[in-house]
Amino acid sequence: MSNQSTQLEVKNLTTCFKTSKGDVVAVDDISFSIKKGETLCIVGESGCGKSVSALSVMGLLPTSGYVKSGSAIFQNNDLLLMSSKELEKFRGNRLSMIFQDPGSSLNPVMRVGDQVSEIFQIHLNMSKHEGLEKALEMLKQVEIPDPESRMLAFPHELSGGMAQRIMIAIALACNPDILIADEPTTALDVTIQSQILNLMSEMQLKTQTAIILITHDLGVVAEMADNVLVMYCGQIVEYGDVKTVFNSPIHPYTKALMKSIPVIGKKTRRLDAIPGRVPSLDMLPSGCRFEKRCIEKNNYVLTNCQNKIPPIFSLDSLHGSRCWLEKGNE
Amino acid sequence: MSKLGKVSKNLSDNLDEELLLQKPVSVWKRTIKRLLSKRSGKIGLLLICVIFVIAIAAPIIAPYDPQEVLIGKEVVKLKKREAPCIHVFGCDKVKPQHIMGIDGNYRDQFSRIIYGSRISLSIGFSTVSFAVVGGVLLGALAAFFGGWIDNIIMRMMDVILGFPSLLLAIAIVAVLGPGIRNALLAIAIVTLPAYARLTRASVLTVKELDYVKASLALGASPTRLLLFRILPNSLTPIVVLATLGIATAILDAAGLSFLGLGAQPPTPEWGTMLGSERNQVFSAPHLVFFPGIAIMITVLAFNLFGDGLRDALDPRLND
Amino acid sequence: MITYILKRLLISIPVLFGILLVTFVLARLIPGDPCKAILGEKATVEVCEKFEKRFGLDKPIHTQFLLYSKKIVLADFGNSIRFSRPVSQILVERFPVTIELALGGLVVAILAGVSLGIISALKHNTPVDVGTMVLANVGISMPVFWLGLMLAYLFGLLLKDTIFWLPPSGRLTAGLSSIPFFEVWGWEVLKGTTKSKFLEFFANHYIFNALITGNWEIFKDAIRHMILPVIALSTIPMAIIARITRSSLLEVLGRDYIRTAKAKGVKSKNVVSKHALRNAMLPVVTILGLQMGGLLSGAVLTETVFGLSGVGRMLVEAIYARDYPIIQAFTVMIAVTYMFINLLVDISYGFLDPRVRLE
């Protein structure tokens, strides 16, 4: 489905981790693509593999992790086959990533201005002086009040929201084609959250950067996403554009997620939680991973559910679900 | 909708039950398992056991009495500071076997080294016991009562820490007079502040925890709280420090003895043995080499074990 | 920042007072009569009375302490009972030896320790790492005096006729002597004045002296004599520094901001040198003060083994001889030096870690 405006196409990415109990599959055969100016949200519970997917694409896995198979084609280059040296030219430049806890994501002994200017020195070959000038401009663009004195501050002197703006400034400094944001607002207050999200949207309009937004907050997805990828236990269980997935979810997990969103004003006695818990990655069932908690299953498909991992059935080219119940609907 | 609700409720009960039926793992079992899985902890523990066995079985293992002067008692006349003679390695069978040679007073060095293990182990344990008890007490008192008690105790600790440790120990021994007991006391005093500070920090943290405040509000006795709730929760770093402290104590004691301020001759303490023969190192290196190796192996054993213990007790590592 | 420094300085004052008090009390508590210890058992009562009066030992204790404190602050250390020479003169002659030794030990320990720690961390879990850590463990378990004696035996005797031979004792080869720089440059210096003591103090650092006067023969000779003692002395601190550097660097490399640096496209060698190292060095700097204490302590043992006439050895001898002025002065000087170094370490930590300045 290569299109001129497709920026990144990930196919069959599988990532594993080496543990004392053997190798564990954290990301199991996921595929997605993203176009220029689009926002793709990857949503799922903690530990479902959404962050690991992003880190795999960026080549930032910890030493115990490795990509087992798959490809990530970015502008005619397979990121997964590139060496560290080659990737370094892309990172921060064409591909950027921001992380969850902005306070700990900045170097505590370096001044903020130096950390922003560094990216200009690396990728645009500027001198320190020129880098600092551009850094000041970026700080103004991300709407940091009193940017001149902020340049000299140290990270611990900044609030969470301010620090995340700095991270965004660093990430967007070289007008990257893709920005990966891994739970950028999870560690922030709700009020700051919306400011940051607005900032990201505004910057995106200006630069047409594609954004891959990883989150477990369905509210954020509703606000920001063009397309949604729902992950569960290392696998994609549903994908589609945001309206369809929210209004007509197919996969039982997605349905349960949508149902669990509390509606203000509606009287209930008990919140609709999903019973049970996510299976541990070293003790995965041989069939569908959601089967034990699924309330939609019926006797007709039960054998399949328990013994064979369902493939993704595409409803149409834009909506798909990994569920045996969809077998007839392709 | 209500039927689905009922189904989901049953499902959730079943799944929760599954969770509850899993057995919790005992902290001690996990610690011991982790300790034994790391190389350093295993080797350390092994060495310590070996040394303990040697110390306990000294009368059996040592071929001679450590204080026995051997002039005229051997068939072949012995030279002073004779080099080691091991029959297996080719030493003439006529000469009596002395694995580590003879020291400057015609005594068998091997036996003295064996007996020396007893002294070193007791030095290590008694020094650390004294320092731990004293330090923990002072630290706990300082943290618990705060105010001027805290200030005075901590200033005293600062003064002790204001001197390089061995030098202060030397000065204390100078006042009290040379000898093992005084050397032990000196080393204990010098190492005490570390435990005091550690305990104080731990107690301060635990003191602020809600359950302690709640207990006090309900009328619990502060002393009982301190002894039975607060201190046991701060034990881990103290245990690790104490194990490593045994190593330091043995080294410091050997240093003091080397200078003539610790164990006095003819006690077969390794540092003393080294110290009395140091001027003969060129002619009789075995009299310097073996005691030093003995010190090193013992200290290494406790260091390795302490390291292994620290890693095993580290709450940050999750299985 | 200024408040931070001032606060640190303020805290030092009661510690200083404590040091003076403790040294005074300890020196006085040493059993035995200085008169008899120095003049012999047969000294008569009248002789001893004169002796005591001369050294102010007949005044009440608190007066003695006040006089003592006053003198210390004015750097008047009195005369050695044993040598009948000003203690300050003896200090000037002996302190440089200990300083050269301790400083040399510190430099070697830091350079070697940090390098080994970094290499170990970067080659985590490889044989290099394991081997270095094993060596480090062995290193911290070795008694300084034993290592010194063994090194002396190896390099002083076994390798005697090879190029690897190193002198096992003394500061300079017999027959060679260091000429103070002010004599070489022809300065007019009156003996016995404060100025002369000041200059002599610097001149007695033979290595430094030889360097600034360009005397390569003495320079090489002095350094050769320092090699073995410095190696012996620096082994334990080096091993400790290596271990802490390694664990600190490993921890820092796992932190979020390192991941950010990589995400920015910073080259991997720069990630370590520009981002990780400075943060990793913080715990190392913290323990430097403590290591200096260990170096000063170890200097006593090393000086004894290698026959160096430094402060440590003299202190032990003075304790045996009940030479109060020397005991007091030397202990105070060592303790003050130690305190000063800890102060420097504290302050430099404030420069390195901006988070601490807020306290």
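Just so it is clear, the model here is predicted, and its values are computed rather than measured.

The next point concerns the environment of A256 of chain A. Looking at the secondary structure, you find A256 of chain A in helix α11 (residues 252–260). When the C-alpha positions of A256 of chain A and I274 of chain A are compared, they lie 6.6 Å apart, and in sequence the two are 18 residues distant.

Considering all chains together, one arrives at 19 aromatic pairs over all chains under this definition. Summarising the aromatic geometry, the rings of Y253 of chain A and F290 of chain A are spaced 5.3 Å apart at their centres and angled 65° between planes, so their arrangement reads as edge-to-face. Of the two residues, Y253 of chain A sits in helix α11 while F290 of chain A sits in the loop between α11 and α12 (299–307), which places them 37 residues apart along the sequence. A residue is classified by how much of its surface remains accessible, and F290 of chain A, at 3% relative accessible area, is buried. With a centroid separation of 5.4 Å and 80° between ring planes, the pair formed by W216 of chain C and F219 of chain C is classed as edge-to-face. In this pair, W216 of chain C and F219 of chain C both sit in helix α11 (residues 216–253), three residues apart, roughly one turn of the helix.

Residues and elements named next belong to chain A. With the rule as written, the count across this model stands at zero disulfides over all chains. Its sulfur unpaired, C16 is 14 Å from the next cysteine sulfur, which belongs to C233. Overall, the relative accessible area of 2% leaves C16 in the buried class. Considering cysteine sulfurs only, C323 is the nearest to C294, which forms no disulfide, with 6.2 Å between them.

Glancing now at the sheet that holds strand β2 (residues 22–35) of chain A. Where strands meet in a sheet, backbone hydrogen bonds hold them as pairs that are either parallel or antiparallel. All names here are of chain A. Spatial strand order, β2-β1-β4-β5: four strands in an open sheet with antiparallel pairing. Edge positions in the sheet fall to β2 and β5 (77–78), since each has one partner strand and no second. In this sheet, β5 lies alongside strand β4 (residues 65–74) in antiparallel orientation, the contact comprising two bridges. Bridge pairing in β5 places I73 opposite D78. Sitting on the sheet, helix α1 (residues 50–58) is in contact with β1 (6–19), β2 and β4, with an inclination near 110° to β1.

Another point: the domain arrangement of chain A. Reports of interface size often rely on the accessible area that becomes lost once the parts have come together. Residue and element names in this part refer to chain A. Along its sequence, chain A is carved into domain 1 (6–225) and domain 2 (254–321). Here domain 1 and domain 2 have C-alpha centroids that lie 30 Å from each other. With seven residues of domain 1 in contact, the opposing surface of domain 2 contributes eight residues. Of the roughly 680 Å² buried between domain 1 and domain 2 on both sides combined, carbon and sulfur atoms contribute 64%. Three residues, V24, E45 and L218, lead the burial of domain 1 against domain 2; their summed loss comes to 56% of the area buried on that side.

All names here are of chain C. Inspection of every chain in the model, using the stated rule, returns 22 salt bridges over all chains. A salt bridge links R171 to E100, with the shortest nitrogen-to-oxygen separation between them at 2.9 Å. With a gap of 71 residues between them, R171 in the loop between α7 (144–158) and α8 (181–184) and E100 in helix α5 (residues 87–122) connect regions that are remote in the sequence. On the basis of relative accessible area, R171 is assigned to the buried category, the value being 12%.

What counts, and at which threshold
Residues numbered from 1 in each chain as written. Chains lettered and ligands numbered in written order. Predicted model: local features only at pLDDT ≥ 70, side-chain atom pairs only at ≥ 80, totals over all residues. Heavy atoms only, no water. Helix = DSSP H or I, 4+ residues; strand = E, 2+ residues; numbered from the N terminus. Phe/Tyr/Trp six-rings, centres within 6.5 Å; stacked < 30°, edge-to-face > 60°. Buried < 20%, exposed > 50% of the residue type's maximum accessible area, 1.4 Å probe, protein only. Disulfide = S-S within 2.5 Å. Pairing = 2+ DSSP bridges. Contact = heavy atoms within 4.5 Å. Axes fitted to C-alpha atoms, helices over the stretch in contact; angles between N-to-C directions. Domains from an automatic or database assignment. Buried area = accessible area lost by both parts, 1.4 Å probe. Salt bridge = Lys/Arg side-chain N within 4 Å of Asp/Glu carboxyl O.

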